[in-house]
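# An overview of the molecular structure
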Amino acid sequence: MSIITTPASEKSSANGPAASGKERPARRSGRRVEPIFYLFLLPSLVLFTLAITVPGIIGIFFSFTDSIGIGDWEFVGLTNYIAIFSDPAILQSYLFTFGFSIVTVIVVNVIAFLLAVGLTSRIRMKSALRTVFVIPMVVSGIIIAYVFNFLFSNSLPALGAGTGIPWLEGSLLANPDLAWIAVVLVTAWQAVPGSLLIYIAGLVAVPGDVYEAAEIDGASKVQQLLKITLPLVAGYVVINVILGFKGFLNAYDIIVGLTNGGPGTSTRSIAMTVITGFNGGDYAYQMANATIFFVVAILISLVQLSLTRGRNAL
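No experiment lies behind these values; they were computed from the predicted model shown.

### Some thoughts on the overall build of the protein
Across its full length, the protein holds 15 helices and zero strands. The 314 residues of the protein split such that 30% are buried. Counting only contacts in the protein whose residues sit at least 6 apart along the sequence, the fraction spanning at least 24 positions is 69%. If you sum the accessible surface of the protein, you get close to 20100 Å²; carbon and sulfur atoms cover 68% of it.

Have a look at this one:
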């Protein structure tokens, strides 16, 4: 009778790490980055630093001075920052910008989502209609603003006078309490196509079998929309809300062409306030305003990241 012996190395591997009392460290699976990739990244990094980072640091530095943009200057510490919090014009621009951004985000996403649902359903000429709805996205904002300025200031009042409709006879842009509505409408008209394309991509990715199963179970179109479509495209909603809100906070060109911040300062955004201050020799003061706005934008981004962390947006 022969006895089969097992080598010591095989015994130790058979018994596993528990037999030896020690666990082997896991191997790292990270791949080495080729130096050529850093070489391709370098030009973009240099341009970004020279065009954005360096000017931003210089601007923050001058926000602690009394500089008017040229000539001599002196350090004034936090004087500019303290003055901003007691400046009603600055506070009004923040109030308008955030209120306008929130309302416009809601309007844009509701309209874009409903249009996307319609343009992905079984209707004729879907491709042609998609092209028509995307046209506003490729037109310059300042051109759109001037066109709508003419409509609100001339065409609609003339229509109201001819038809005897009193509330159409006056220009919406001349009413300090209602001018913001015109800004929201025009901004939404240009912003809807971008959100529309994202929603169409999300709706196309939803499997058709889900809707077939829902129809077999007797679910109505409204129930399918609320209980199937919305949950499955929730990630795309998050993307549109984040991108839209950040973009509307920087609103400038449409406001300049439509109301120029008026009547008075009722529709003056933060970006318009900063740029107007630069042109008026208020460089250091408005740089402090821009710095505060930058910090606020960073905080908003961190909040958005914390709310969406751990979710698979796409």
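### Looking at the side chain of N289
Examined against the element boundaries, N289 turns out to sit in helix α15 (residues 283–308). Within the structure, the side chain of N289 is placed 3.0 Å from the side chain of Y94, a separation counted as a polar contact. Here Q286 takes part through its side chain, which lies 3.1 Å from a polar atom of the side chain of N289. With residues near it in sequence (within four places) discarded, N289 still touches I84, I90, Y94, I270, T273 and V274.

### Examining the packing of aromatic side chains
For the structure shown, the criterion picks out 16 aromatic pairs. Centroid distance F62 to W73: 5.5 Å. Interplanar angle 80 degrees. Geometry classified as edge-to-face. Here F62, found in helix α3 (residues 35–62), pairs with W73, found in the loop between α3 and α4 (79–84); they are eleven residues apart in sequence, far enough to count as distant. Under the relative-accessibility criterion, F62 is labelled buried at 17%.

How each quantity is defined
- Residues numbered from 1 in each chain as written.
- Predicted model: local features only at pLDDT ≥ 70, side-chain atom pairs only at ≥ 80, totals over all residues.
- Heavy atoms only, no water.
- Helix = DSSP H or I, 4+ residues; strand = E, 2+ residues; numbered from the N terminus.
- Buried < 20%, exposed > 50% of the residue type's maximum accessible area, 1.4 Å probe, protein only.
- Contact = heavy atoms within 4.5 Å.
- Areas by Shrake-Rupley, 256 points an atom, 1.4 Å probe, with all protein chains shown as cover.
- Polar contact = N/O pair within 3.5 Å; in protein donor to acceptor, adjacent residues only side chain to side chain.
- Phe/Tyr/Trp six-rings, centres within 6.5 Å; stacked < 30°, edge-to-face > 60°.

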